[in-house]
Amino acid sequence: MRTEILGVGFDDLTLAEAVAAGRALLDGQGCHYVVTPNPELVNTARADPAFREALNGADLVLPDGIGVVYAAKILGRPLKGRCPGIDFAAGLMAEMAREGRRLYLLGAKPGVAQAAARNLEAKYPGLNICGVHDGYFQDDGPVVEDIRSAAADAVFVCLGAPKQEFWMVKNGPATGAKLLAGLGGSLDVFAGVTERAPEAWQKLGLEWLYRLTREPRRIGRMAKLPLFLVSALVARGKSK
């Protein structure tokens, strides 16, 4: 059973449970994909039925932003907590490394995925980064074929939303991979291009505020969070 938050159904899992679920999908049959919506993406999905369908069609829908957790409380449907996509990815890579699984990195600017691959293979001995490709391509075909030829078990798709979600729906099965995860700007963090918030800020759910102090231009996007919570309050009132 999923917890519905303003039209998007979230899996109510701890981070450890989410990683275990991802690990199980790697052993399953067929192709699966994971999405990690934050409030901004839920708002986008409310206005875009195709995107909403792509999110809800995922095998795992994890609450990336603290605003989703707050909205769940407002609606009287509390979630166990945040499952940031980058933390899910870290947990999954630790599992994959133990078995020498093959991971493909897709997205970001030229050179970033290569730098991320070097860092990740050093951090997770046994993890096999079997291929990389930047996010600046027009034709899906060669990228899909490169992933298939690399025999990837999993693909981190970091093309930004909603492009990455639509890409996984369209191309996932053709890649031959068991699991694809849409992870936004995670490759920039793995490559050391972008600094993540200190752990204390993460634990307080203030990672968004830390990013805002480093990137003031994001103020317009961050200003939408209160409106997201107001939408949850309105939805709660209508449900009574």
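To keep things clear, this report deals only with the structure shown in the data block.

Definitions and cut-offs
- Residues numbered from 1 in each chain as written.
- Predicted model: local features only at pLDDT ≥ 70, side-chain atom pairs only at ≥ 80, totals over all residues.
- Heavy atoms only, no water.
- Helix = DSSP H or I, 4+ residues; strand = E, 2+ residues; numbered from the N terminus.
- Rg over C-alpha atoms; globule rule 2.2 N^0.38 Å.
- Areas by Shrake-Rupley, 256 points an atom, 1.4 Å probe, with all protein chains shown as cover.
- Lys, Arg positive; Asp, Glu negative; His and termini not counted.
- Charge placed at Lys NZ, Arg CZ, Asp CG, Glu CD.
- Salt bridge = Lys/Arg side-chain N within 4 Å of Asp/Glu carboxyl O.
- Buried < 20%, exposed > 50% of the residue type's maximum accessible area, 1.4 Å probe, protein only.
- Pairing = 2+ DSSP bridges.
- Core = buried A, V, L, I, M, F, W, Y, C linked by side-chain atoms within 4.5 Å.
- Contact = heavy atoms within 4.5 Å.
- Polar contact = N/O pair within 3.5 Å; in protein donor to acceptor, adjacent residues only side chain to side chain.

For the chain, the helix and strand inventory stands at 13 helices and eight strands. Whereas a compact globule of 240 residues would reach a radius of gyration of roughly 18 Å, the chain reaches 17 Å, a difference of no more than 12%. Each of the three principal axes of the chain carries a C-alpha extent, and together these read 55 × 40 × 35 Å. As displayed, the chain has an accessible area near 11100 Å², and 55% of this comes from carbon and sulfur atoms. Here the chain contributes 29 positive and 26 negative side-chain charges, whose respective centroids are spaced 6 Å apart.

Turning next to the pattern of salt bridges. Scanning all chains against the criterion turns up nine salt bridges. Asp 11 is the salt-bridge partner of Arg 2, the closest N and O atoms lying 3.2 Å from each other. On the accessibility criterion, Arg 2 (31% relative accessible area) is partly exposed. Since its relative accessible area comes to 14%, Asp 11 is described here as buried. With a shortest N-O distance of 2.3 Å, Asp 27 and Arg 23 are connected by a salt bridge. With Asp 27 and Arg 23 both in helix α1 (residues 15-27), this residue pair falls four residues apart, about one helical turn.

To continue, consider the pairing of strand β3 (residues 32-35). Within a regular strand, the side chains alternate between the two sheet faces. On β3, burial covers both faces: His 32 and Val 34 on one face and Tyr 33 and Val 35 on the other are all buried. Bridging between β3 and strand β8 (residues 179-182) involves three bridges; their strand directions are parallel. Looking at the pairing, Val 34 lines up with Ala 181 of β8. Looking at chain direction, β3 and strand β4 (residues 60-61) are connected through two bridges and run parallel. Opposite Val 34, over in β4, you have Leu 60 as the bridge partner.

This brings us to the sheet that holds strand β6 (residues 128-133). Here six strands make up an open sheet; going across it, the order is β4-β3-β8-β7-β5-β6 and the pairing parallel. One side of each edge strand has no neighbouring strand; the edge strands of this open sheet are β4 and β6. The pairing of strand β7 (residues 154-158) with β8 spans four bridges and is classified as parallel. Bridge pairing in β8 places Val 157 opposite Gly 182.

Counting residues in each nonpolar core, the largest one holds 39 residues, and the members touching the most others are Leu 106, Val 155 and Trp 167. Dropping the residues within four chain positions of it, Leu 106 is found in contact with His 133, Asp 134, Phe 137, Val 143, Val 155, Phe 156, Val 157, Cys 158, Leu 159, Trp 167 and Leu 187. Counting 37 residues, the second-largest nonpolar core is a separate cluster that includes Val 19, Tyr 124, Leu 183 and Phe 190.

The next thing to look at is the side chain of His 32. Locating His 32 in the fold gives a position in strand β3. In this structure His 32 comes out as buried when scored by relative accessible area, which is 11%. There is a polar contact of 2.9 Å between the side chain of His 32 and the backbone oxygen of Gln 29. Beyond its immediate sequence surroundings of up to four residues, His 32 is in contact with Leu 25, Asp 59, Lys 178, Leu 179 and Leu 180.

By themselves these figures say nothing about function.
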